[in-house]
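# Descriptive structure summary
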Amino acid sequence: MFKRIKRNWFVPKGAEMTELDKKILAFQNRGCLVPSRKVIKTPEQIEGIRRSGVVNTGVLDLVAREIHAGMTTLEIDKLVYDYTVEHGAIPAPLNYEGFPKSCCTSINEVVCHGIPNEFEVLKEGDIINVDVSTILDGYFSDASRMFVIGETTPAKQKLVDVARECLDIGMEAAHPFGFVGDIGHAIEQHAKKNGFSIVRDLCGHGVGLEFHEEPDVEHFGKNGTGMLLVPGMVFTIEPMVNMGDWRVFVDEDYGWTVVTEDELPSAQWEHTFLMTEEGLEILTY
Ligand code: MF3
Ligand code: CO
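## Regarding the site of ligand 1
The local shell around ligand 1 holds 14 residues, among which His113, Asp131, Asp142, His205 and His212 are the closest. One of the side-chain nitrogen or oxygen atoms of histidine 113 is found 3.0 Å away from an oxygen atom of ligand 1. In this structure, an oxygen atom belonging to ligand 1 sits 3.1 Å away from a side-chain N or O atom of histidine 212. Taken by itself ligand 1 offers 330 Å² of open surface, and the protein chains cover 96% of this. Per-class residue counts for the shell around ligand 1 are six nonpolar, four polar and four charged.

## Remarks on helix α3 (residues 73-86)
Its 14 residues give α3 an end-to-end C-alpha distance of 20 Å, which sits within 8% of 20 Å, the value for a rise of 1.5 Å per residue. Along α3, the residues classified as buried are Thr73, Ile76, Asp77, Val80, Tyr83 and Thr84. For α3, the arc enclosing every buried residue in end-on projection is 140 degrees, short of the 170-degree limit, so these residues lie on one face. Of the exposed residues in α3, those oriented more than 90 degrees away from the buried face are Lys78 and Glu86. Where the residues of α3 are buried, they touch α2 (43-66), β1 (90-91), β2 (104-107) and β4 (127-136). One or two residues past the end of α3 sits glycine 88, with phi positive at roughly 75 degrees.

## Structural notes on the sheet that holds strand β11 (residues 248-250)
The strands making up a sheet are joined through hydrogen bonds of the backbone, oriented either antiparallel or parallel. Spatially, β3-β12-β11 is the arrangement adopted by the three strands of the open sheet, whose pairing is antiparallel. Strands at the two margins of the open sheet, each flanked by one partner only, are β3 (110-112) and β11. Each strand of the sheet is rotated relative to its neighbour by a mean of 40 degrees, with strand direction disregarded.

## Some remarks on the packing of α2 against α3
Relative to each other, α2 and α3 sit at 145 degrees, their axes nearing to 10 Å. Classified by chirality, the crossing of α3 by α2 is right-handed. Touching Val55, Gly58, Val59, Leu62, Val63 and Glu66 of α2 are Ile76, Leu79, Val80, Tyr83 and Thr84, all from α3.

## Brief notes about the pattern of salt bridges
Summed over the entire model, instances satisfying the criterion amount to 12 salt bridges. Here arginine 37 makes a salt bridge to aspartate 21, at a shortest N to O gap of 3.0 Å. Here arginine 37 is found in the loop between α1 (19-29) and α2, whereas its partner aspartate 21 is found in helix α1, with 16 residues between them in sequence. For aspartate 21, a relative accessible area of 2% gives the class buried. A single network of salt bridges, built from pairs that share partners, joins Glu47, Arg50 and Glu281.

## Overview of the pairing of strand β8 (residues 213-217)
Pairing of strand β7 (residues 204-206) with β8 involves three bridges; the strand directions are antiparallel. Along β8, the bridge assignment pairs glycine 204 with valine 217. Here β7 hands over to β8 after six residues, with glycine 208 in that stretch at a positive phi of 140 degrees.

## Things to note about the state of the cysteines
Using the criterion set out here, one finds zero disulfides in the structure. With no disulfide partner, cysteine 32 has as its closest neighbouring cysteine sulfur the one in cysteine 203, 20 Å distant. Cysteine 104 provides the cysteine sulfur closest to cysteine 112, a residue in no disulfide bond, and the two sulfurs are 7.3 Å apart. In this structure cysteine 112 comes out as buried when scored by relative accessible area, which is 3%.

## Quick look at the packing of helix α4 (residues 154-173) against helix α5 (residues 180-193)
For the pair α4 and α5, the least separation of the axes is 8 Å and the interaxial angle reads 150 degrees. Compared by their axis directions, α4 and α5 come out roughly antiparallel. Crossing geometry of α4 relative to α5 is assigned as right-handed. On α5, the residues that touch Val162, Glu165, Cys166, Ile169, Gly170 and Ala173 of α4 are Asp182, Ile183, Ala186, Ile187, His190 and Ala191. A class-by-class count of the residues in the contact of α4 with α5 yields eight nonpolar, two polar and two charged.

Cut-offs applied
Residues numbered from 1 in each chain as written. Chains lettered and ligands numbered in written order. Predicted model: local features only at pLDDT ≥ 70, side-chain atom pairs only at ≥ 80, totals over all residues. Heavy atoms only, no water. Near = heavy atom within 4 Å. Polar contact = N/O pair within 3.5 Å; in protein donor to acceptor, adjacent residues only side chain to side chain. Areas by Shrake-Rupley, 256 points an atom, 1.4 Å probe, with all protein chains shown as cover. Nonpolar A, V, L, I, M, F, W, Y, C, P; charged D, E, K, R; others polar. Helix = DSSP H or I, 4+ residues; strand = E, 2+ residues; numbered from the N terminus. Expected span 1.5 Å × (residues − 1). Buried < 20%, exposed > 50% of the residue type's maximum accessible area, 1.4 Å probe, protein only. Arc of directions from axis to C-beta. Contact = heavy atoms within 4.5 Å. Pairing = 2+ DSSP bridges. Axes fitted to C-alpha atoms, helices over the stretch in contact; angles between N-to-C directions. Left-handed = near helix turned anticlockwise from the far one by under 90°. Salt bridge = Lys/Arg side-chain N within 4 Å of Asp/Glu carboxyl O. Disulfide = S-S within 2.5 Å. Parallel < 35°, antiparallel > 145°, perpendicular 65-115°, else oblique.

Below, the structure is given as structure tokens:
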């Protein structure tokens, strides 16, 4: 028997075989993991996700203007909630699998999925990731940025900058009919070169019609591995870069908050991207 491969791609009954079908089937027949048809977005769906991305970017721009030392993470959450609903949208994290707030606020050694609360006050030198995800007319978008509160140490500033570079480098490494692994490989190399490590337990993801879709977008790996990248796919890249070791644990609170095991700081940036014939386009600019 042939080694069993996941036959994600097939030509629907009664449909003509297109050039795109032939191309994707050729990859699949060579044993490559290919997307299923539903993750290739239609032009109408892409427009919907783009509009959702505009609101999502508006939220992050608002946070960028308002964030300051002395503010609580609950106040950030309120900004996110109010802006989102005022723009006819819904914060995707709210009540998502038990997540109690409208965004994630992850300070210093918190890697991701920090939960906004009234006790956590931002202070000079903190680095914080604010992760915002929006549902508009049923379409999902997802992006996050780092904010430095006042001035931080050179080491933490470098971590924030390298994490940002990792996102850009991952974006540049993605090509139509390349592979998800090309992205991860480029990101991991850049983090390592700077003496940092990449979190392995969390990944980017397909997004658009749901919060989390295929493929998994790992931020480490080998070129030519992982899912085939096809124009029309929409997914996030969201590297989490640690100053120390890559290992993390999940805090007990709601079973959400991810923290570095060595308690050294972590930084993350995220965009939602559309794969086009030319490469990636940012939908959350
Ligand atoms: N943007 C985050 C991610 O893709 C959202 C996590 S789910 C939440 O990892 F409920 F925590 F928001
Ligand atoms: Co995400």
